[in-house]
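Fold and geometry: a report
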Amino acid sequence: MSEMANPSEAGENETAVPTGHGHYVAPVNLRPGWSVPRDEVPPPTYWPSVMALGIVAVGLGLVTSILVSVVGLVLAFVALAGWIGDLKNEHPAEP
């Protein structure tokens with residue numbers, strides 16, 4: 001696709017699609033009521049790593065001690081709750 005300098009070059013029924021780097025790609029005809037998806041990256045979080053650590057502890061506990069598995073399960077559930085809490089409290093940017 002060709003790149004455009006700014007979105008004002010788009011036609012009446014066309015929308016220039018931003019690439020996220022200050023450039024716009026060729027106009028795209030959108031159906032009524034549709035919009036161009038925005039490229040947004042969620043904020044970083046430690047919860048996926050904590051979840052992985054809990055799962056590894058559960059697996060390690062299967063070959064060592066039930067206590068390690070219990071600690072791993074608790075860690076995994078705490079991580080899941082924290083991760084979901086982060087997602088629920090995430091405020092999307094206004095368009």
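Use the structure listed above.
What counts and how
Residues numbered from 1 in each chain as written. Predicted model: local features only at pLDDT ≥ 70, side-chain atom pairs only at ≥ 80, totals over all residues. Heavy atoms only, no water. Helix = DSSP H or I, 4+ residues; strand = E, 2+ residues; numbered from the N terminus. Buried < 20%, exposed > 50% of the residue type's maximum accessible area, 1.4 Å probe, protein only. Contact = heavy atoms within 4.5 Å. Areas by Shrake-Rupley, 256 points an atom, 1.4 Å probe, with all protein chains shown as cover. Polar contact = N/O pair within 3.5 Å; in protein donor to acceptor, adjacent residues only side chain to side chain.

Quick notes on the overall build of the protein
For the protein, the helix and strand inventory stands at two helices and three strands. Reading the protein from its N terminus to its C terminus gives the helix and strand order β-β-β-α-α. Relative to its 95 residues, the protein shows a buried fraction of 16%. When contacts within the protein are restricted to residue pairs at least 6 apart in sequence, those whose partners lie at least 24 apart make up 27%. Here the protein displays about 7,600 Å² of accessible surface, and carbon together with sulfur accounts for 65% of that area.

A look at the side chain of Ser69
Mapped onto the secondary structure, Ser69 falls in helix 2 (residues 66–88). Ser69 gets classed as buried once you look at its relative accessible area, which sits at 7%. Within the structure, the side chain of Ser69 is placed 3.5 Å from the backbone nitrogen of Leu62, a separation counted as a polar contact. Those residues in contact with Ser69, other than ones at most four positions away along the chain, are Ala57, Val58, Gly61 and Leu62.

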